[in-house]
Amino acid sequence: MPEQPYDPDRAIAPTGAGGGMDLAASEAETLEKTPGGPEGTGPAGKPRSLWSDAWRDLRRNPVFIVSGLVILFLVFISLWPSAIASGSPLTCNLSKAQQGSQPGAPFGYDGQGCNVYTRTVYGARTSVTVGVCATLGVAVLGSVLGSLAGFFGGLGDSVLSRVTDIFFAIPVVLGGLVLLSVVTSNTVWPVIGFMVLLGWPQIARIARGSVITAKQNDYVQAARSLGASNSRILMRHIAPNAVAPVIVVATIALGTYITLEATLSYLGVGLKPPNVSWGIDISAASPYIRNAPHALLWPSGALALTVLAFIMLGDAVRDALDPKLR
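Counting restarts for each chain: residues are numbered from 1 in the order of the written sequence. At least 70 in pLDDT is required for a residue's local features to be given in this predicted model, at least 80 for side-chain atom pairs to be given and counted, and no such filter applies to totals for whole chains, interfaces and linings, which use all residues. By convention in this description, side-chain values take in all heavy atoms of the structure and omit both hydrogens and water.

J.: I tried to follow the packing of aromatic side chains on my own but got confused; where do I start?
T.: Aromatic ring pairs are described here by two measures, namely the spacing of the ring centres and the angle between the planes. Note on ring pairs: Phe, Tyr and Trp rings are taken, using the six-membered ring of Trp, and paired if centres are within 6.5 Å. Classes follow the plane angle, with under 30 degrees stacked, over 60 edge-to-face and the rest tilted. Under the defined criterion, the tally for this structure stands at six aromatic pairs. Within the aromatic cluster, the residues linked to one another by ring pairs are Phe 107, Tyr 117 and Trp 298.

J.: Just checking my understanding: could you explain empty space enclosed by the protein for this structure?
T.: Picture a little ball the size of a water molecule; that probe, rolled over the atoms, points out where space is still empty. Cavities and pockets are defined on a 1 Å grid built over the protein atoms alone: a cavity is a set of grid points where a 1.4 Å probe fits but cannot escape, while a pocket is an open set with protein on both sides within 12 Å along at least five of seven lines, and lining residues are those with an atom within 4 Å of any such point. Grid points are joined across faces, edges and corners, and a volume is the space filled by probe spheres set on the points. Scanning all chains against the criterion turns up one cavity of 30 Å³ or more. Lining the largest cavity are Leu 180, Val 183, Ser 185, Thr 187, Pro 190, Val 191, Val 269, Gly 270, Leu 271 and Lys 272. Just so you know the grouping, Ala, Val, Leu, Ile, Met, Phe, Trp, Tyr, Cys and Pro go in nonpolar, Asp, Glu, Lys and Arg go in charged, and all remaining residues, Gly too, go in polar. Taken together, the residues of the lining of the largest cavity break down into six nonpolar, three polar and one charged.

J.: Sorry if this is basic, but what is going on with the environment of Leu 148 here?
T.: Counting from the N terminus, the helices are the DSSP runs of H or I reaching at least four residues and the strands are the DSSP runs of E reaching at least two. Note on placement: Leu 148 falls in helix α4 (residues 116-152). Only protein chains enter the calculation, and the probe is 1.4 Å; a residue is then buried if its accessible area is under 20% of its type maximum, exposed if over 50%, and partly exposed in between. Classification of Leu 148 as partly exposed rests on a relative accessible area of 39%. Sequence-wise, Leu 148 and Leu 160 are twelve residues apart; in three dimensions their C-alpha atoms are separated by 10.0 Å. Contacts are assigned to residue pairs that have any heavy atoms within 4.5 Å of one another. Setting aside its immediate chain neighbours within four residues, Leu 148 contacts Gly 153 and Leu 234.

J.: Can you walk me through the pattern of salt bridges in this structure?
T.: Oppositely charged side chains can form a pair if their charged atoms are brought close together. Put simply, a salt bridge is a Lys or Arg side-chain nitrogen that is within 4 Å of an Asp or Glu carboxyl oxygen. Applying the stated rule across the entire model yields eight salt bridges. For Asp 165, the salt bridge is made with Arg 162, and the minimal N-O distance between the two is 3.1 Å. Of this pair, Asp 165 and Arg 162 both sit in helix α5 (residues 154-168), three residues apart, roughly one helical turn. Its relative accessible area of 33% is what places Asp 165 among the partly exposed residues.

J.: Just to check I follow, could you spell out the side chain of His 294 for this structure?
T.: You can see His 294 is positioned in helix α12 (residues 294-321). In protein, a polar contact requires one atom able to donate a hydrogen and another able to accept it; more generally it is a pair of N or O atoms within 3.5 Å, and residues adjacent in sequence count only if both atoms are side-chain atoms. Separated by 2.9 Å, the side chain of His 294 and the backbone oxygen of Tyr 109 make a polar contact. Residue contacts for His 294: discarding those within four places in its chain leaves Gln 98, Gln 99, Gly 100, Phe 107, Gly 108, Tyr 109, Val 116 and Pro 299.

J.: In this structure, what is going on with the environment of Lys 272? I would like to understand it.
T.: Tracing the backbone through its elements, the reader meets Lys 272 in the loop between α10 (244-267) and α11 (278-285). Exposure remark for Lys 272: the relative accessible area of 29% places this residue in the partly exposed category. Linking Lys 272 and Ser 185, residues 87 residues apart in sequence, is a C-alpha distance of 9.6 Å. When sequence neighbours within four positions are dropped, the list of residues in contact with Lys 272 reads Asn 186 and Ile 280. A polar contact is formed between the side chain of Lys 272 and the backbone oxygen of Gly 270, at a distance of 3.4 Å.

J.: Would you take a moment to explain the state of the cysteines for this structure?
T.: Cysteine pairs can be covalently joined through their sulfur atoms, and such a bond is termed a disulfide. Cysteine sulfurs are considered disulfide-paired once they come within 2.5 Å of each other. Going through the model one piece at a time under the given rule, you end up with one disulfide. Each disulfide pairs two cysteine sulfurs, and for Cys 92 the partner residue is Cys 114, the sulfurs being separated by 1.7 Å. Across the S-S bond linking Cys 92 and Cys 114, the dihedral sits near 75°, which makes this disulfide right-handed. Linking Cys 92 in the loop between α3 (62-79) and α4 with Cys 114 in the loop between α3 and α4, this pair joins segments that are 22 residues apart in sequence.

J.: Would you take a moment to explain helix α6 (residues 172-180) for this structure?
T.: Helical periodicity: at 3.6 residues per turn, an α-helix aligns residues three or four positions apart in one direction. Residues Gly 175, Gly 176 and Leu 180 constitute the buried set of α6. Buried residues of α6 fall within an arc of 100° about the axis and therefore sit on the same side. As used here, the arc belongs to the directions running from the helix axis to the C-beta atoms.

J.: What exactly am I supposed to notice about a nonpolar patch on the surface here?
T.: A cluster of nonpolar residues, Val 172, Val 173, Leu 174, Leu 177, Val 178, Leu 179, Leu 197, Tyr 266 and Leu 267, forms a patch on the protein surface that exposes about 720 Å² of accessible area. Of all the secondary-structure elements, those providing two or more residues to the nonpolar patch are α6 and α10. It is α6 that provides the largest number of residues to the nonpolar patch, a total of six residues. With respect to the secondary-structure elements, Tyr 266 resides in helix α10. Tyr 266 gets classed as partly exposed once you look at its relative accessible area, which sits at 39%. A patch is a set of surface residues, each over 30% in relative accessible area and not in a salt bridge, joined within 9 Å for like charges and within 5 Å for the nonpolar side chains Val, Leu, Ile, Met, Phe, Trp and Tyr. Here the open area of atoms and residues is found with the Shrake-Rupley method and a 1.4 Å probe, where only the protein chains shown may cover a residue.

J.: Hey, could you run me through the packing of α4 against α5 in this one?
T.: If you want to describe how two helices pack, look at the angle between their axes and the distance between the axes. Orientation of α4 relative to α5, taken along the N-to-C sense of each, is 135°, at an axis distance of 7 Å. By the angle between their directions, the pair α4 and α5 is classed as oblique. As for the relative orientation of α4 and α5, their crossing is left-handed in sense. For the pair formed by α4 and α5, the contact residues are Leu 145, Gly 146, Ala 149 and Phe 152 on the first element and Gly 154, Gly 156, Asp 157 and Leu 160 on the second. Residue composition of the contact of α4 with α5, by class: four nonpolar, three polar and one charged. Working convention: axes come from line fits to C-alpha atoms, limited for helices to the stretch in contact. Angles between N-to-C directions cover 0 to 180 degrees. Orientation categories follow fixed angle ranges, with anything under 35 degrees roughly parallel, anything over 145 roughly antiparallel, 65 to 115 roughly perpendicular, and all other angles oblique. For a crossing to be left-handed, the near helix must be turned anticlockwise from the far one by less than a right angle; the clockwise case is right-handed.

J.: I'm lost on the nonpolar core in this one. Help?
T.: Soluble globular proteins tend to pack their nonpolar side chains together in the buried interior. Among the nonpolar cores identified, the biggest contains 34 residues, and Ile 258, Leu 303 and Leu 321 are the most heavily contacted of them. Where this core is concerned, the elements lending two or more residues are α2 (50-59), α3, α4, α10, α11 and α12. The element best represented in this core is α12, accounting for twelve residues. Apart from residues no more than four positions distant in its own chain, Leu 303 is found in contact with Ile 258, Ala 262, Trp 278 and Ile 282. Within this scheme, the nonpolar core is defined by two criteria: the residues are buried Ala, Val, Leu, Ile, Met, Phe, Trp, Tyr or Cys, and they are joined through side-chain atoms within 4.5 Å.

Don't take any of this as a statement about function, it's just geometry.
Next comes the structure, spelled out in structure tokens:
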């Protein structure tokens, strides 16, 4: 049988079954220029990354949209509380103590005659500040220590593992009662420092496991064989592929830190008056729960809604970044 002459206008594209399929060059060029491209590719046929796929899924997830809107609103009132609440949260009138809803005070007044609505709005600033700063501190410290231990291994890895075991054995609330009871500062920074001190081991262990898994991949071995330095391998090849679990855990933990701040303030060892905090307001309203339940329900509801929003956001991010759930 005579050999067919080579036609440059046609190409043979191998298939996964070992055979081939005819694909005209014009069709291939059109496919590459298609904005969506084939499944798993982006514009101009470029492969999509994990982050682009995750962002595409998040935009279609109603849980992410709702929780994101709630968090954006909380950030807005944390930065500009006077935009929706007039007056000072420290201004109180004992003649209005325990009174219910009325014009100018839709949430009523607490046991000291303070406007519950104003204090609830201003309390968001403290909770969001503590949660965000504590999460950033925990994520940075835990990621650095865990990544270095997982990448280099050896004695440093063993020491870090034993140190994290010790910190995991410390009850968080009990540790806060002991450490913060001797602090005289009345700012948010001792509370944030305590959370970072006891929270970094969790992130460190997750970062360590992610780095150990990522450094076994072929692209890391190829970079090492080409003479790439350890710092370049860690920063350019391993860190971008190992950071996803850290982001998920940190996002969920943010709500936990907000709850912890409220708990410590409720117990009297966290923030103290004249600071405005949901935990302080819940503690002050507890004795009057029968006569003025509104003074307890509104800050408690704001705290629960905030924590729920961050947990829902973390769950949505986890689902988007986990390839096994696709």
